[in-house]
Amino acid sequence: MDGNSDCGKSLSIDWDTDDELEIESMPFSSGVGPATACQEAFAGCGEAGSSNGSQTSRTIHHFVGMGFPKDMVVRAMKENGEKDIEAILEALLTYSAIEDLPLEEEHVSDDSCSSKCASNHPDLLSDQNNFPIDEENTHYSIDKDGTISVLVEMGYQAEEASIAIDRCGLDTPVAELSDFICAAQMAKEADFHLEKHTEAYIPKDKRKILRTEAWNLKRPKGIVKEQMVQDDEEFRLPNPMTGFGVPSETWNIVHRTLPEAALGPPYFYYENVAMTPRGVWSTISRFLYDIAPEFVDSKYFCAAARKRGYIHNLPIHNRFQILPPPPLKIHETFPHTKKWWPSWDARDQLNCLLTCVGSAKLTERIRNKLEESAGEPPVHVKKYIMEQCKRWNLIWVGKNNAATIEPEEIEILMGFPVNHTRGVNRTDRFKALGNAFQVDTVGYHLSVLKSLFPGGINLLSLFSGIGGAEVALHRLGIPLKNVVSVELSEPCQTIVRNWWEETNQKGNLIHVADVQEVTAERIAQWISRFGGFDLVIGGSPCNNLAGRNHVSRDGLEGKHSSLFFDYFRILDLVKSMMSQY
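Residues numbered from 1 in each chain as written. Predicted model: local features only at pLDDT ≥ 70, side-chain atom pairs only at ≥ 80, totals over all residues. Heavy atoms only, no water.

Going by the annotation in an unreviewed UniProt entry, the name recorded for the chain is DNA (cytosine-5-)-methyltransferase, with Rhododendron griersonianum given as the source organism. UniProt, in the comment section headed Subcellular location (unreviewed entry), describes the chain in these words: "Nucleus". In its Sequence similarities (unreviewed entry) section, UniProt records this for the chain: "Belongs to the class I-like SAM-binding methyltransferase superfamily. C5-methyltransferase family." (UniProt positions renumbered as here; feature names shortened; annotations may be inferred.)

What follows is the structure, encoded as structure tokens:
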């Protein structure tokens, strides 16, 4: 899903507060809305000439009216100032979260500290709580209502639990259901942030026309809604999520038969988040020649989870890893953290890397809590800190110092060269990396092309983002002869162009800003010029697919994720033209 954020045109809003990207959309257990909504509500509460005392009184009254105790409000105002409404709200929510945790001294295992909001990503992101969990204690042989009750007791919403069971199956261990919900929650936060600050590629009317035309072309006659639901049962997420195999595990796949219409040339490779609304992967599969998706979690390729689905017509035998293989554990990837890692933090992998990071105020609050404990922190403090660490992928870089990972560290986890995204602002770096391919995972799938194209490859890269496909092919030693890179985001364009020059690529790089500009006429010109494309790769935006985004999680009907139909349109044109070439 490299570049599928349509992270787009430069934003007019400065998100670099406290040198960190602040989060606007947070699932507050208290029922309070986002901090920005609170600020907007406050904007009309007083006139410019109001006294400071009146403002203080109004502030207290406002938060007390939201359900917070008065003494807690006064404390938050003293610590954060009377005018910083967002900081006050954040402090109040933190106080509430800590006070709501069990105070009795009971043994709490690391897995009982599972976050309500962890992981990918994203596909944001998204994806898993990758911590050791006792499967024997979490695989319940009970009915759906009983499983929902268990998940509710763990702190999840009943609706979330029901969706997870429907999607993953009733026989799925509770630990896996918990991972599913956590991934969905984190993906929602990232997608909300993107949804609010990106623009649609295609006007609504035109999207509807494209969608209808494509559907009519590919839909089997007489299909009904019930059949669509039945078809989707075929694509339940596997456990483990290893696709046709990963380097650390032998997978006995003897043969897979592709529909005749799917056979190359060209080869194609489509990626998106694994966890989507019901029916999405069935629809995507139907358009992409009825090929079933290969679901893979990147935790088998790096020290961070990233659950994604891939539909492709590539060979599946004789795959090999990009060398050197990356480490799979946090301490192996970032050895400087081991010295400071507390014994009660049992994580050895990170969750899905998102497009946003935790605030400086959050890490400061964690440090203060630990320093107040003066030794081993109480159980409820550990639980709160572990929730935040899992939620925001915090790592320990000093005594009592849990910090967000830096762009350079994310680049290592994602398989890009260090400083690959340097040259654009910090916010755009996080955003671009959070929506990129995990290079080692994709490279493992693409490795079969090396023997097929020893002289180099012609690549059509749709929604190319920061060039995850291009970097993977380069690291595999496959020369890039001609690359047409289609990407709207100007920061991403800059990153790919810089990488192309820094790695002394000898081929031709052609940039196209918008998928709408990839017309039949231009495709014909490229095919005539290059002799055809060897690979069409890309992942359309997942904004309307990932997470529990009840506002804009519209599936392939969404204004961003409907761009999947452009991937299909372009691929179908390329295949049709190349069959006549």
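Caption draft 1: Spotlight on the overall build of the chain. Looking only at helices and strands, the chain features 22 helices and 11 strands. Buried residues in the chain amount to 58% of all 581 residues. Counting every atom, the chain has about 23,800 Å² of accessible surface; 50% of that belongs to carbon and sulfur. (Helix = DSSP H or I, 4+ residues; strand = E, 2+ residues; numbered from the N terminus. Buried < 20%, exposed > 50% of the residue type's maximum accessible area, 1.4 Å probe, protein only. Areas by Shrake-Rupley, 256 points an atom, 1.4 Å probe, with all protein chains shown as cover.)

Caption draft 2: Inspection of unusual backbone geometry at higher detail. Note that the residue after N239, namely P240, is joined by a cis bond; omega there is 5°. The omega torsion across L323 and P324 is -5°, close enough to zero to call that bond cis. Mapped onto the fold, P324 is located in the loop between β5 (307-312) and α12 (330-333). Notably, Y289 is not glycine yet its phi reads approximately 65°, a positive angle. Its place among the elements puts Y289 in the loop between α11 (280-287) and β4 (294-297).

Caption draft 3: Here's a closer look at the packing of aromatic side chains. Tallying each qualifying case throughout the model produces 15 aromatic pairs. Ring geometry for F287 versus F568: centroids 5.2 Å apart, planes at 65°, classification edge-to-face. Of this pair, F287 sits in helix α11 while F568 sits in helix α22 (residues 564-579), and the two are 281 residues apart along the sequence. In terms of burial, F287 and F568 fall into one category: buried. The rings of Y270, F287, F564, F565, Y567 and F568 are connected pair by pair, giving a single aromatic cluster. Over the ring of Y289 we find K575, and its NZ or CZ is 5.5 Å from the ring centre. (Phe/Tyr/Trp six-rings, centres within 6.5 Å; stacked < 30°, edge-to-face > 60°. Lys NZ or Arg CZ within 6 Å of the ring centre and 35° of its normal.)

Caption draft 4: Main features of empty space enclosed by the protein. Empty space within the largest cavity amounts to approximately 90 Å³. For the largest cavity, the lining is made up of 12 residues, of which L354, C356, V357, W392 and N393 are closest to its centre. (1 Å grid on protein atoms, 1.4 Å probe; cavity = no way out; pocket = protein on both sides within 12 Å on 5 of 7 lines; lining within 4 Å. Points joined across faces, edges and corners; volume = space filled by probe spheres on them.)

Caption draft 5: Up close: the pattern of salt bridges. Counted under the stated rule, the structure contains 13 salt bridges. Taking the shortest distance from any N to any O, the salt bridge between E411 and R429 comes out at 3.3 Å. Taken as a pair, E411 in helix α15 (residues 407-414) and R429 in helix α16 (residues 426-434) lie far apart in primary sequence, 18 residues in all. For the pair formed by E411 and R429, the shared burial category is buried. (Salt bridge = Lys/Arg side-chain N within 4 Å of Asp/Glu carboxyl O.)

Caption draft 6: Structural detail: the packing of helix α13 (residues 360-373) against helix α14 (residues 379-392). Running from amino to carboxyl end, α13 crosses α14 at an angle of 155°, the nearest separation of the two axes being 11 Å. By the angle class used here, α13 and α14 are roughly antiparallel. Seen from above, α13 lies across α14 with left-handed handedness. For the pair α13 and α14, the contacting residues are L362, R365, I366, K369 and L370 in the first and V381, Y384, I385, Q388 and W392 in the second. (Axes fitted to C-alpha atoms, helices over the stretch in contact; angles between N-to-C directions. Parallel < 35°, antiparallel > 145°, perpendicular 65-115°, else oblique. Left-handed = near helix turned anticlockwise from the far one by under 90°. Contact = heavy atoms within 4.5 Å.)

Caption draft 7: Fine view of α15. Of all the 8 residues making up α15, 6 are buried; the element is thus mostly covered by neighbouring parts of the structure. If you check which residues of α15 are buried, you get P407, E409, I410, E411, L413 and M414. Contacts made by the buried residues of α15 are with α12, β6 (395-398), α16 and α17 (439-446). G415 lies just past α15 and shows a positive phi near 85°.

Caption draft 8: Focus on the nonpolar core. Ranked by internal contacts, the top residues of the largest apolar core, which has 66 residues, are I385, W396, L446, L449, L473, L535 and I537. If one sorts the elements of this core by residue count, α14 sits on top with 6 residues. (Core = buried A, V, L, I, M, F, W, Y, C linked by side-chain atoms within 4.5 Å.)

Caption draft 9: Looking closely at the pairing of β6. Direction of pairing for β6 relative to strand β7 (residues 401-403): antiparallel, over a ladder of 3 bridges. By the bridge assignment for β7, G398 is matched with N401. In sequence, β6 turns back onto β7 through a hairpin of 2 residues, with N400 there showing a positive phi of about 60°. (Pairing = 2+ DSSP bridges.)

Caption draft 10: Main features of the side chain of T337. Here T337 is to be found in the loop between α12 and α13. The exposure class of T337 is buried, given its relative accessible area of 0%. A distance of 3.3 Å separates the side chain of T337 from the side chain of H331, its partner in a polar contact. Apart from the residues within four sequence positions on either side, T337 is in contact with I330, H331, I395 and W396. (Polar contact = N/O pair within 3.5 Å; in protein donor to acceptor, adjacent residues only side chain to side chain.)

Caption draft 11: Layout of α13. With 14 residues, α13 ought to run about 20 Å at 1.5 Å a step, and its terminal C-alpha atoms sit 20 Å apart, in line with that. Among all positions in α13, only L362, T363, R365, I366 and L370 are buried. The buried residues of α13 occupy an angular sector of 155° when projected down its axis, which confines them to one face. At the exit of α13 stands A374, carrying a positive phi of roughly 50°. (Expected span 1.5 Å × (residues − 1). Arc of directions from axis to C-beta.)

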